[in-house]
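Descriptive structure summary
Here is what each chain is made of, one letter per residue.
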Amino acid sequence: MARIAVDEGDLAEEFGTFDIKIEDEDIVDKLKELCMVYRLDASDMVDEWMAFSISNNGAALTMDKLEQFERERANKTKTPKVKREKPAAVMHDISNINPEAEDDLLDVYSTPASKGKNKRMLTTPENVSVVNKKLTSVSRSPVVPFSPGSFSPVNATPSQQYRSRSGAGDTMVTFGDQGAKWKGQGSEHVAIQQYDRDNALTERYKHMFYKVNDKSNVLNDMIEDMASQLQQSHQIGNLQHLAWPCQEPITVSGRVCCDMSTGRLNAHSVLLEGSTETSAGKTVHLDLNEVTEYSLFPGQIVACDGLNSTGSKLVVSKFYQGVHLQFPEVDETSENLSVPAQVLVAAGPFTPSDSLAYEPLDDLLKYLKRDKPDVCMLMGPFVDSKHESIEKCTVEVPYDDMFKKIVQNLIKATEELQTQLVFVPSQRDVHHDYVYPQPPFSVDGVNSPRVHFVSDPCTLTINGVVVGLTSTDILFHLGGEETSRAKTDRIGRLIEHVLTQQSYYPLYPPSEEVNIDYEHYEQFCRLQTTPDVLILPSDLRYFVKDVLGCVCVNPGRITKAQTGGTFARFAIQCPPSPTQDGAARKPRCTAAEVVRV
């Protein structure tokens, strides 16, 4: 196999997607060397580096870390698997039970980094703060008080690297009216509602109970529904069986798949799976050599023209990709219609990876008190399952209590401001249900009309303007699976996939980080309309873009590893009168900014 030649421009472009600048020539040479040795292109190199960086607490791109990356990469390829004999089953009773058996069992459910670090001490500990695991709460954390007036536990140490950050308050991205004022109008002028109250997820549900047949029916219904819309939008005639041999060009539809269950999609591994109605669920390989431009990912539902002379391979000549929904009609009966509103949105984690002091959240409060926005949207994780202290089980406070403290302090701090608070959960919230769609938080004793607990994903209306949001990083997941031959903007292309596939999470199979319940997916994860504003927090570089008339915002993360990140704010206003036929639709988002915390 020939080695892949990668130039400096390709590496700079791919790393730039994650806001990583390569200025050291030695690092560039090392990256080129790794690409040649392991036969990686620039995109694959970035994917592997980001996986390594995230697993090492956001490691920076340095020569030392690259050498560590190289050693770990070499070990993965050289270390042979050793077949171990299965030990014989042993019946335990009170006389022969192993005192360390409990710790070994806990190790099975812990992360590799934490194994071996929590063994029970057989001597009296010198540190009186060490607590027996049997005396801890269900969340494996003993109950100790919080520091008063703070978001953090008593023993939290502030992050020195976060405190020494630079550029706080700088505006990174602007959109729309450059002279916009960011002072709020007051909560009495703001009405927040579910876009479709009858189809809104408002309470917890039992998940992991759906049947495989039910999942299959949901996936098949999605193909048939989108195929029908493609036929109407592109004026396509009857759709043909995609695996039926034919000497004439045909038009077929189906879901894009990869021919390997664990491999990444590329131009030579694309399958198309048809619906049970038109193709009996059959699949066929796609030959893309004659297509000049395309962008595909697993789970995407498309229609295409092509020739299938053998029944096993369809030579594609043209793709019909997705249809975006109509924009919502203005509800003339909505409260506070046409009143402008200032919205601030921030996505977690809200504390650096080396501290639980929640300093970024304290700093965000300063912006709230200064600008007094009408709405503050806070998107999880709040108690991050990937935080170093939580992974090692060294947190001395129940996770539910940590989150409750955050909510109570935010409500108290914004009481005089009258800012409305919207809390969106994340699957990385260690104290909440690990499922998608994810039900809203529930906090005992919180019943303020200013506080809104919503699901992930959800579609809201704010003074008549429709805002869609999800805390799940669909853009990052799509970017890792997409294969394309296109000259368009990559980020804009990924956003367009979300809008034209009419789903907050169109990727199938989903990322290993996302646990989808398909029984509820069809009702709560599909787009009901094209929103005026779409909020998609991501590990990718922050942005504000107008895609197909929808203003899409990635506020970034308010913390990145051990340093500060960004948040976004935008101004919205519904026009006082509906758009006349033939007239250009007025944008509902008049201005937006991304600001460094």
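All values reported here derive from a predicted model rather than from experimental measurement. (Residues numbered from 1 in each chain as written. Predicted model: local features only at pLDDT ≥ 70, side-chain atom pairs only at ≥ 80, totals over all residues. Heavy atoms only, no water.)

**Considering helix H13 (residues 490–500)**
For H13, the tally of buried residues reaches 9 of 11 residues, placing the bulk of the element in the interior. If you check which residues of H13 are buried, you get Ile-491, Gly-492, Arg-493, Leu-494, Ile-495, His-497, Val-498, Leu-499 and Thr-500. Following H13 by one or two positions, Gln-502 has its phi on the positive side, about 60°. (Buried < 20%, exposed > 50% of the residue type's maximum accessible area, 1.4 Å probe, protein only. Helix = DSSP H or I, 4+ residues; strand = E, 2+ residues; numbered from the N terminus.)

**Considering the sheet that holds strand E14 (residues 465–469)**
Strand order across the open sheet formed by 6 strands is E2-E13-E14-E16-E18-E17, with mixed pairing between neighbours. Of all strands in the sheet, those bounded by a partner on one side alone are strand E2 (192–194) and strand E17 (543–547). On average, each strand axis in the sheet is tilted by 25° relative to the strand beside it, whichever way the strands run. Across 3 bridges, the pairing between E14 and strand E16 (residues 533–535) is parallel. In the sheet register, Gly-468 faces E16, and the bridge partner there is Leu-534. (Pairing = 2+ DSSP bridges. Axes fitted to C-alpha atoms, helices over the stretch in contact; angles between N-to-C directions.)

**Side note on the packing of aromatic side chains**
Inspection of every chain in the model, using the stated rule, returns 16 aromatic pairs. Ring centres of Phe-382 and Phe-403 lie 5.4 Å apart, and the angle between their planes is 65°; on these two criteria the pair is classed as edge-to-face. Here the residue Phe-382 occupies a position in the loop between strand E10 (375–379) and helix H10 (388–391), and Phe-403 occupies one in helix H11 (residues 399–413), the gap between them amounting to 21 residues. According to the relative accessible area criterion, Phe-382 is buried, its value standing at 2%. The exposure class of Phe-403 is buried, given its relative accessible area of 3%. With a centroid separation of 5.4 Å and 45° between ring planes, the pair formed by Tyr-518 and Tyr-521 is classed as tilted. A residue pair is termed a helical-turn pair when its members lie 3 or 4 positions apart in one helix, as Tyr-518 and Tyr-521 do in helix H14 (residues 518–524) at 3 residues. For the pair shown, Tyr-518 and Tyr-521 are each scored as buried. Ring pairs connect the aromatic residues Phe-350, Phe-382, Phe-403, Phe-423, Phe-441 and Phe-453, which therefore count as one cluster. The lysine or arginine in question, Arg-73, covers the ring of Tyr-38, its NZ or CZ lying 4.5 Å from the ring centre. A cation over an aromatic ring shows up here: Arg-165 above the ring of Tyr-162, its NZ or CZ 4.1 Å from the ring centre. (Phe/Tyr/Trp six-rings, centres within 6.5 Å; stacked < 30°, edge-to-face > 60°. Lys NZ or Arg CZ within 6 Å of the ring centre and 35° of its normal.)

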